[in-house]
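# Per-entry structural report
Chain by chain, the residues:
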Amino acid sequence: MISRKIAENLTKTAWIRAMFEKGEELRKIHGEDKVYDFSIGNPEAAPPKAVIETLKQFVLEDHAGRHRYMSNAGYYDVREKVAAYVQKEQGIPMTASNIVMTCGAAGALNVVIKTLLDEGDEVIVFSPYFVEYLTFIENHSGVPVVAAACPDTFLPDVTSLQKAITHKTKALILNNPNNPTGVIYDQKTLTDLASALEEAEKRIGHPIYVILDEPYSKIVYDGAVVPRSLQIFRNSILVNSFSKSHAIPGERIGYIAASSAIEDLDILMRGLVSCNRSLGFVNAPSLFQRVVAETLDEVVDIEWYQRRRDLLYHHLLSAGFSCNKPQGAFYLFLKSPVPDDVAFVENAMKYNILLVPGSGFGFPGYARLSYCISWKVIENSLPAFSKLAADYGL
Ligand code: PLP
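Residues numbered from 1 in each chain as written. Predicted model: local features only at pLDDT ≥ 70, side-chain atom pairs only at ≥ 80, totals over all residues. Heavy atoms only, no water.

Quick look at the environment of C275 now. In this structure, C275 sits in helix 10 (residues 265-278). Measuring from C-alpha to C-alpha, the distance between C275 and G365 comes to 38 Å, with 90 residues separating the pair along the chain. Not counting residues up to four positions away in its chain, the partners in contact with C275 are V111, K114 and T115. (Helix = DSSP H or I, 4+ residues; strand = E, 2+ residues; numbered from the N terminus. Contact = heavy atoms within 4.5 Å.)

As structure tokens, then:
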């Protein structure tokens, strides 16, 4: 029999599987573009042309050694290029020795969490949160502690953070731009969080690491900017990937960039490299390390996302729903017209609309829509949303 903990996790996430199976079943009955599947964040946008061209070039080149193991941190020259890129983006000094190449942001998060935690250490996340944070923390014998976001803005609530910190607090995870809300945490909010952390560190006598999970940092709208978070938090470890910026989530490529301001950075880096190996990743995919190093400034077509956001957002408002206008990422967090968000999501299925209940992100009363899908499906879904709104007299 499998581990009790894993069996328990399967039960907790059974609704994700149920949603997936429901989608497959509905697609067989009604056809691909008559099922409005807003449930998962798997971008249908095409990767930038330069990424595909660079890939072709590397595949055609007959280069001895290209397919061998390399340092568990990744190729040195690739890390140098990533360091220069992060230095430019974040405005703080970075060298190859601050960087570890990883299997996406998920791989990076597991490596960072594994490296930092002793058994029973606490990691704070703000709700609504990316549900896998809880699993990643528990993977490494940590304890997730949930702090609240402010009700209307979904910005992290500093007072809630202060209350959540204990002597066992080892880290805080911040996801910006945010999945599931599409909100960008602004400079002031992040600076206030940093002050609260510094105060708490003095009280508890040890650092609280800030794990900055920013895979959507390039997907921002209306000229919005994501603050330079590595500058704001002293003990900060940036986790990023090319899954969303380059629309290549299947290729599993990302990186960790740790701030030079961290005390004992050298030990931290050695720990990260060792965990990249011991968790079984060994090293990030060699071919895609090469591809991303040559295309760091490339970004998927943001207009592609913005058009979808606008179409959906304006229709939902005119149908009577309420939601914030997403500033980044490709999710929209819709207020459920009834307190029971699971019942709302189940009712939406009647119209072939697939959503994820806010409860799945630790935030009941809402539902998440992922709009990185085909234009046709979104367009076809609009009358269905109007019917759904009418069910609640909106
Ligand atoms: N963090 C957040 C907030 C995400 O939404 C995702 C993926 O959807 C990840 C991390 C993992 O991304 P990756 O595909 O780079 O592992």
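Across the sheet, 3 strands lie side by side as 9-12-11; this open sheet has antiparallel pairing. One side of each edge strand has no neighbouring strand; the edge strands of this open sheet are strand 9 (331-335) and strand 11 (356-357). Direction of pairing for strand 11 relative to strand 12 (residues 366-370): antiparallel, over a ladder of 2 bridges. Counterpart to V356 in the pairing with strand 12 is R368. (Pairing = 2+ DSSP bridges.)

You can read the domains of the protein as domain 1 (4-46 + 301-391) and domain 2 (50-293). Using C-alpha coordinates to define each centre, domain 1 is positioned 27 Å away from domain 2. Tallying the contact residues gives 28 residues for domain 1 and 29 residues for domain 2. Between domain 1 and domain 2 the total buried area reaches about 2400 Å² when both faces are included, carbon and sulfur atoms providing 57% of it. Viewed at the interface, domain 2 and domain 1 are joined by 1 salt bridge. Note that D222 and R309 form a salt bridge whose closest N and O atoms lie 3.1 Å from each other. Across the domain 1-domain 2 interface, the total number found is 14 residue pairs in polar contact (both at pLDDT 80 or more). Of all the elements in the fold, those that place two or more residues in the side of domain 1 that touches domain 2 are helix 1 (4-12), helix 12 (302-319), strand 9 and strand 12. By residue number, the principal contributor to the side of domain 1 that touches domain 2 is helix 12, which donates 4 residues. Broken down by class, the residue content of the side of domain 1 that touches domain 2 amounts to 15 nonpolar, 9 polar and 4 charged. (Domains from an automatic or database assignment. Buried area = accessible area lost by both parts, 1.4 Å probe. Salt bridge = Lys/Arg side-chain N within 4 Å of Asp/Glu carboxyl O. Polar contact = N/O pair within 3.5 Å; in protein donor to acceptor, adjacent residues only side chain to side chain. Nonpolar A, V, L, I, M, F, W, Y, C, P; charged D, E, K, R; others polar.)

Another aspect to go through is the nonpolar core. Counting 56 residues, the largest nonpolar core has V86, I99, M101, L161, L174, F233 and Y255 as its most contacted members. The biggest single contributor to this core is helix 8 (residues 187-204), with 7 residues. Each of domain 1 (4-46 + 301-391) and domain 2 (50-293) accounts for three or more of the residues forming this core. Excluding anything up to four places from it in sequence, V86 contacts G91, M94, I99, L230, L238, Y255 and A257. (Core = buried A, V, L, I, M, F, W, Y, C linked by side-chain atoms within 4.5 Å. Buried < 20%, exposed > 50% of the residue type's maximum accessible area, 1.4 Å probe, protein only.)

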